[in-house]
Amino acid sequence: MNMQNEKKPIIICENLVKIYKVVDLEVVALQGLDLIVERGEMLGIVGTSGSGKSTLMNTLGGLDRPSAGRVLVDGIDLLSLSDQAMNQYQRSKVGFVWQQTSRNLIPYLTAQENVELPMTMALVTDRRARREWSEWLLNEVGLYDRKEHKLSQLSGGQQQRVAIAVALANKPVLLLGDEPTGEVDSVTAQSIMDTFRKLREDMDLTVIIVTHDPRIAEQVDRVVAIRDGKISTETIRQVSQLEQVMAHPSGDEAGQAAGEVLAEKLQEQVSFQEFVVLDSAGRLQIPKELREQLGIGKRARLELGDNSIIIRPVEGQGDDKPKHLSIEEQIGLLFAQETGPQDKAGSVKRLKGSRGK
Ligand code: ADP
Ligand code: MG
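Residues numbered from 1 in each chain as written. Chains lettered and ligands numbered in written order. Predicted model: local features only at pLDDT ≥ 70, side-chain atom pairs only at ≥ 80, totals over all residues.

Visitor: Just to check I follow, could you spell out the site of ligand 1 for this structure?
Guide: All residues adjacent to ligand 1 are Y20, V22, V27, A29, G47, S49, G50, S51, G52, K53, S54 and T55. Broken down by secondary-structure element, the contributors of at least two residues to the shell around ligand 1 are β1 (11-22), β2 (25-37) and α2 (53-60). The class makeup of the residues in the shell around ligand 1 is 4 nonpolar, 7 polar and 1 charged. (Near = placed C-beta within 6 Å. Helix = DSSP H or I, 4+ residues; strand = E, 2+ residues; numbered from the N terminus. Nonpolar A, V, L, I, M, F, W, Y, C, P; charged D, E, K, R; others polar.)

Shown next as structure tokens:
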């Protein structure tokens, strides 16, 4: 990997459009989606069912071709690839973990045989290299001592961890998880998330995870919400100054200890900041619920307020008692609607390591 490459985002999606045609019906699954993902980032994707999350993942994974727009992964323009080059891309650049654990796995093979299979398919003929690498991976996912077990002898959570090892068999740069914790209990879900984080560090991966679970969404660097095939909001983990001090402590031991105590206190206040995403033309999405609540139809008034932009319904169009919300209030509402009513102000664990190193 050259230096120039290292600084560039690993993923660039511009105005991505995907239209599925079923008989004479057209479904627009992605409607001009823009997304940039930095190298080494751990990104969460949330959104209601049918919003286009899997379509985006399948596009990034080279399983699906977009109808229009631009998508670059690790410098490769996915729209320009031949079928053969696309197969090669799928096999070498990305690892995929699905909600259905069984999708990548063969039940009558052992854990290790499962991990070695993609290597065999990628023509890694050196048996010893295959064995050593599969053992390293199984150790990373905490299943070294189960390597001889048949898949059917492993629990759901263990099978999912084998699936992660399988996804990484060919040393991809990008790991995609489409609701990988969707079918396991919360303790197992946590251990799977820990595994993703560990692998991100140890293998210099970029990780994207689709999830419904807000607790899991809190463990990534950034969460983007997809609404109707477009990114509508994004939530970025706030790194406090003291956390940064923790990451780069001075040599002074006493100062370091004091810093640790303070940082620990502060961690409880570390929060996520949510933003509405504007596309390159300055468009933003106002959720349907919000528009309905305010009686906003096809038109609205835009006014410059005190350090804010106010979007007002046009009088005589729907609701006779229009409520005026500032952008800040709207952002608050957006978050509440994306992630449900659960408490988001609670403590957030500090993630180990920092990105962009
Ligand atoms: P999500 O993963 O967020 O639930 P999807 O990306 O699976 O959403 O789907 C987005 C939209 O595209 C939905 O309306 C869905 O019905 C449609 N869609 C997805 N895959 C196909 C397909 N293979 N053929 C036709 N329509 C599809
Ligand atoms: Mg899906």
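There is more to say, and it comes next.
Visitor: Even after reading the chapter, I still don't get the environment of E26, so can you show me in this structure?
Guide: With respect to the element layout, E26 can be found in strand β2. Given 11 C-beta atoms within 10 Å, E26 falls into the exposed group. Every residue in contact with E26, bar those within four places of it in the chain, is listed here: I19 and K21. (Buried ≥ 20, exposed ≤ 12 C-beta atoms within 10 Å, placed from the backbone. Contact = placed C-beta atoms within 7 Å.)

Visitor: When you look at the sheet that holds strand β4 (residues 68-73) in this model, what are you seeing that I'm missing?
Guide: In a beta sheet, neighbouring strands pair by backbone hydrogen bonds and run either parallel or antiparallel. The 4 strands lie next to each other as β2-β1-β4-β5, forming an open sheet whose pairing is antiparallel. Unpaired on one side and paired on the other, β2 and β5 (76-77) mark the two borders of the sheet. In terms of strand pairing, β1 meets β2 through 10 bridges, oriented antiparallel. Bridge pairing in β2 places V22 opposite L25. (Pairing = 2+ DSSP bridges.)

Visitor: How should the nonpolar core be read in this particular structure?
Guide: Across soluble globular proteins, nonpolar side chains show a tendency to be buried alongside one another. Counting residues in hydrophobic clusters, the biggest one holds 62 residues, and the most contacted among them are V162 and A165. Take this core: its biggest share by element is 6 residues, from helix α6 (residues 156-167). When residues no more than four places from it in sequence are discounted, the contact partners of V162 are L105, A111, N114, V115, L143, L151 and L154. (Core = buried A, V, L, I, M, F, W, Y, C linked by C-beta atoms within 7 Å.)

Visitor: I would appreciate a short explanation of the confidence of the model for the protein in the present structure.
Guide: In the predicted model, the protein carries a mean pLDDT of 83, and 77% of its residues have values of at least 70. Per-residue pLDDT stays below 50 along residues 339-357; that stretch engages in 28 contacts with residues further than four places along the chain or on separate chains. (pLDDT = per-residue confidence, 0-100.)

Visitor: In this structure, what is going on with the pairing of β4? I would like to understand it.
Guide: On a regular strand, one side chain projects to one face of the sheet and the next to the other, so that they alternate. As paired strands, β1 and β4 are joined by 5 bridges and run antiparallel to one another. Directly across from C13, in β4, lies its bridge partner V71. The sheet contact formed by β4 and β5 spans 2 bridges and is antiparallel. Note that in β5 the partner of V73 across the bridge is I76. Here β4 hands over to β5 after 2 residues, with D74 in that stretch at a positive phi of 50 degrees.

Visitor: Teacher, can you tell me more about α6 here?
Guide: What sets the pattern is the α-helix's 3.6 residues per turn: residues three or four places apart point alike. With 12 residues, α6 should reach 16 Å at 1.5 Å per residue; the first-to-last C-alpha distance of 16 Å fits that figure. Here α6 lies mainly inside the structure; 10 of its 12 residues are buried. Buried within α6 we find Q158, Q159, Q160, R161, V162, A163, I164, A165, V166 and A167. Considering only its buried residues, α6 is in contact with β6 (94-98), α4 (111-121), α5 (127-140), β7 (174-178) and α7 (186-203). (Expected span 1.5 Å × (residues − 1).)

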